[in-house]
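The primary structure of each chain is shown beneath.
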Amino acid sequence: MNTSPACSVVTDYTRDGWTAADRSRDWCTELESGKMLLFDGVPFDLPAADRDFLLSQKQTESRLHKNISYRPEKNLLRGIAGDSPDRERMQQVMGHYSKQVVSFLMSFLAPYARDFKLDYASFRPLEEKSRDLVLHKRNDLLHVDAFPTRPTRGARILRVFTNINPTVDRVWTTGEPFHVMAPKLADSAGLLRFANPSVAERAVFAAQRAGHVVGLPVPNRSRYDRFMLHFHDWLKENVAFQSNSPKVRTDFSPGCTWLVFTDGVPHAVLSGQYVLEQTFIIPQRALVAPERSPLQVLETIANTSLAS
Ligand code: SIN
Ligand code: FE
């Protein structure tokens, strides 16, 4: 059993549902407050044949890009060559995986069931240790997630991970949750600048919004989104934060599943290979502890609204 202090181990929910009283609201509160929820196994259907197929992709690594991503709403697969003989099977495996995680989430975290947006799923087949990436793309540095192409405007980023590696742990470090670390760091990261843009900046943002409305490929970012993108990079660049901030290591064992709000828990992946992941966007109105959300924590610090 994993004893990382960053995790709460879930034993009252299995693939067949609750084994005791429904505690979904409590689990949502823990998650939103910065805990990771850990299952010893996979709390949804993940056929052994599908897992074996994903693991077999190592033999055809030359065909693989870094990540395989899957957009459930469009049944669209990225990261595998169009002419690959595995393409159709991969699409089917990712489609089944995504559907299973969705029904799991709707049952286990019932408060979110009516009100979430399904984001991408991914399969990450590369060894994470010693990947040669530019600083802002390095996942071995602590960061909170923010998506350049998909601004959330304050909705939260919830991710479900399964380590499908049959023998090797996936190793993370995580830091203090957002409501603890942001009050110490947001000012020096420049929050007030993002909260109170200049007249010239406002004009640029208004033009971007107008472009977005007429269908140009410009993301419609709020002040919150702009700050979070900046904060992601700022944390990775910040040598003092990387080396001195409180952090704990968690070894996710083969076959286990974990859930985490990655916009609120600073995280870094140190090593491991073969993880499956599905992302959900949870709007403010569905949260059980909205005061713990990065949006509201930052709004309290900045003393102004950041949602537009
Ligand atoms: C990340 O969101 O930083 C990646 C985590 C992982 O792949 O384990
Ligand atoms: Fe991340």
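A brief structural summary. (Residues numbered from 1 in each chain as written. Chains lettered and ligands numbered in written order. Predicted model: local features only at pLDDT ≥ 70, side-chain atom pairs only at ≥ 80, totals over all residues. Heavy atoms only, no water.)

Here we take up the environment of Ser-222. Relative to the helices and strands, Ser-222 resides in the loop between α6 (199–213) and α7 (223–237). For Ser-222, a relative accessible area of 0% gives the class buried. Taking the C-alpha atoms as reference points, Ser-222 and Glu-237, 15 residues apart in sequence, are found 23 Å from one another. With residues near it in sequence (within four places) discarded, Ser-222 still touches Arg-153, Leu-306, Ala-307 and Ser-308. (Helix = DSSP H or I, 4+ residues; strand = E, 2+ residues; numbered from the N terminus. Buried < 20%, exposed > 50% of the residue type's maximum accessible area, 1.4 Å probe, protein only. Contact = heavy atoms within 4.5 Å.)

The next point concerns unusual backbone geometry. Positive phi outside glycine occurs at Asn-75, with the angle close to 50°. One non-glycine residue, Asn-303, lies in the positive phi region at around 60°. Tracing the sequence through the fold places Asn-303 in the segment after α9 (294–302).

What follows deals with the coordination of the iron ion (ligand 2). For a metal with four donors in a tetrahedral arrangement, the ideal angle between donors is 109.5 degrees, while six donors in an octahedron ideally sit at 90 or 180 degrees. In this structure, His-143 (NE2), Asp-145 (OD) and His-267 (NE2) serve as the protein donors to the iron ion (ligand 2), at separations of 2.1 to 2.2 Å. Taken in sequence order, the residues that donate to the iron ion (ligand 2) follow the motif H-x1-D-x121-H. With respect to class, His-143 is no different from Asp-145; both count as buried. (Donors = N, O, S within 2.8 Å, 3.2 Å for Na, K, Ca; no water.)

With 8 of its 8 residues buried, strand β13 (residues 275–282) lies for the most part within the structure. Neither face of β13 is exposed, since Val-275, Glu-277, Thr-279 and Ile-281 on one face and Leu-276, Gln-278, Phe-280 and Ile-282 on the opposite face are all buried. Of the pairings in the sheet, the one linking strand β7 (residues 117–124) to β13 comprises 6 bridges and is antiparallel in character. Across the sheet, residue Ala-121 finds its bridge partner in β13, namely Gln-278. As defined by bridge partners, strand β8 (residues 156–163) adjoins β13 across 8 bridges and the pair is classed as antiparallel. For Phe-161, the partnering residue across the bridge sits in β13 and is Glu-277. (Pairing = 2+ DSSP bridges.)

The next subject is the site of ligand 1. For ligand 1, the full set of nearby residues is Arg-124, Asn-139, His-143, Asp-145, Arg-159, Phe-161, Arg-170, Trp-172, His-267 and Val-269. One of the side-chain nitrogen or oxygen atoms of His-143 is found 3.0 Å away from an oxygen atom of ligand 1. Note that an oxygen atom of ligand 1 is positioned 2.7 Å from one of the side-chain N or O atoms of Arg-170. If ligand 1 stood free it would expose 260 Å²; the protein chains cover 98% of that surface. Of all the cavities here, the one that holds ligand 1 is the largest pocket. Put simply, the parts of the chain that give the shell around ligand 1 at least two residues each are β8, β9 (170–175) and β12 (267–271). (Near = heavy atom within 4 Å. Polar contact = N/O pair within 3.5 Å; in protein donor to acceptor, adjacent residues only side chain to side chain. Areas by Shrake-Rupley, 256 points an atom, 1.4 Å probe, with all protein chains shown as cover. 1 Å grid on protein atoms, 1.4 Å probe; cavity = no way out; pocket = protein on both sides within 12 Å on 5 of 7 lines; lining within 4 Å. Sits in = over half its atoms within 2 Å of the grid points.)

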